[in-house]
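Structural overview
The primary structure of each chain is shown beneath.
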Amino acid sequence: MNYRRFGRTGWQVSEVGYGMWGMGGWKGSDDEESLRSLQRAIDLGCNFFDTAWAYGNGYSEKLFNNIARANPGQQLYVATKIPPKNFKWPSKREFNLDDCYPPDHIEKYVHKSLENLGVSTIDLIQFHTWEDSWVEDDRWAKKMDELKSQGLITAVGISINRWEPWNGVQGVQSGWVDAVQVIYNIFDQNPEDELLPACEENDVAVISRVPFDEGTLTGNLTLDSQWPEGDWRNSYFVPENLRSSVEHAEALRPFVPEGMSMADMALRFIMNDPTISTIIPGMRKLRHVESNMGCSDAGPLPKDLHTALKTHRWDREPTDWSQ
């Protein structure tokens, strides 16, 4: 495992981290399997774990608590997220701070997460939704400074809406944000336009989420793909999106080198950008952990392959089904 500096925090974090949404809120999750997978990731050098109160109403956070207690003395960084007060994802332009993150709500959920995680200090607390207009209302920043002074949190982050990387630039430039979580992958390269340069200039860490485009970039998606009843992907991969996603993935197949999977290629593509601090693929199974963690040892893609894949940028606009 290779490690990267996590912005101005100075932490050295594994360049492949662990996204814990699936094991907290998806259908078909098995706790024993989840804990085995988490332990295997730690054994392979992973030290960055991303969760949220919303992942199973704290369930994912409690799983981290279990695995952290099983590894005393290990430096494991945990990032979690405060849900918006109105419990609406994604945020919308008309939402204000009182709709989503009034100071008392922030404090309430920081304490909930502290209890679930079993820690005295949360390494990174993130706003699970974000609007750049909230920079103008500094009550959230003052509350975060207060929680820092109490030793309850160390760093502050924002998680940016799907396909809206521009909607975080002001947050980065405000000086109040230590980390940004954004969708960045072979298709979603638009963070490179404004957000990543702003993060580099302000020494803000970047967490790359959705590296496989919700499964499209694993190469396993087909027009007949189905998910268990209640799985959120049924509402995301509506016929329009499923068809287009499969078409875009198929266009990548000729570029996958022999002996490499499309998923491996997708992860290693992200590693080519030095601005990225860590990548957080969602993992529930041992084989996925071992494959994804192994990508760090393999390193970034060869320059010619990376350049060829850059032409597969796919700019999309948020819509009813994009969540």
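These remarks concern the structure in this document. On a predicted model such as this, the values are computed, not experimentally measured, just so you know. (Residues numbered from 1 in each chain as written. Predicted model: local features only at pLDDT ≥ 70, side-chain atom pairs only at ≥ 80, totals over all residues. Heavy atoms only, no water.)

**Some thoughts on the overall build of the chain**
From N to C terminus, the chain includes 13 helices and 10 strands. In terms of overall size, the chain behaves like a compact globule, its C-alpha atoms giving a radius of gyration of 19 Å where 323 residues would be expected to give roughly 20 Å. When the backbone C-alpha atoms are referred to their principal axes, the chain occupies close to 55 × 45 × 40 Å. Here the chain holds 323 residues, and 57% of them are scored as buried. Across the chain, the fraction of contacts at a sequence separation of at least 24, relative to all contacts at a separation of at least 6, is 77%. Accessible area for the chain stands at about 13500 Å²; split by element, carbon and sulfur atoms hold 46% of it. The centroid of the 32 positive side-chain charges in the chain is displaced by 3 Å from the centroid of its 48 negative side-chain charges. (Helix = DSSP H or I, 4+ residues; strand = E, 2+ residues; numbered from the N terminus. Rg over C-alpha atoms; globule rule 2.2 N^0.38 Å. Buried < 20%, exposed > 50% of the residue type's maximum accessible area, 1.4 Å probe, protein only. Contact = heavy atoms within 4.5 Å. Areas by Shrake-Rupley, 256 points an atom, 1.4 Å probe, with all protein chains shown as cover. Lys, Arg positive; Asp, Glu negative; His and termini not counted. Charge placed at Lys NZ, Arg CZ, Asp CG, Glu CD.)

**Focus on unusual backbone geometry**
Cis geometry is found at the peptide bond from W89 to P90, where omega equals -10 degrees. Topologically, P90 is positioned in the loop between β5 (77-82) and α4 (97-100). Even without a glycine there, the phi angle at D213 is positive, about 50 degrees. Mapped onto the elements, D213 comes out in the loop between β9 (205-209) and α9 (233-236). D213 gets classed as buried once you look at its relative accessible area, which sits at 1%. Despite not being glycine, E214 shows a phi value in the positive range, around 60 degrees.

**Comments concerning the packing of aromatic side chains**
Tallied over the full model, the rule gives 24 aromatic pairs. Look at W11 and Y77: their rings are 4.8 Å apart centre to centre, the planes differ by 20 degrees, and that puts the pair in the stacked class. In this pair, W11 sits in the loop between β1 (3-5) and β2 (12-14) while Y77 sits in strand β5, placing the two residues 66 residues apart along the sequence. One exposure class covers both W11 and Y77, and it is buried. What links up through ring pairs into an aromatic cluster is the set W21, Y55, W163, W227, W232, Y236, F237 and W321. K112 extends its terminal NZ or CZ atom over the ring of Y109, reaching a point 5.5 Å from the ring centre. The ring of W163 carries the charged tip of R162 above its face, separated from the ring centre by 5.8 Å. (Phe/Tyr/Trp six-rings, centres within 6.5 Å; stacked < 30°, edge-to-face > 60°. Lys NZ or Arg CZ within 6 Å of the ring centre and 35° of its normal.)

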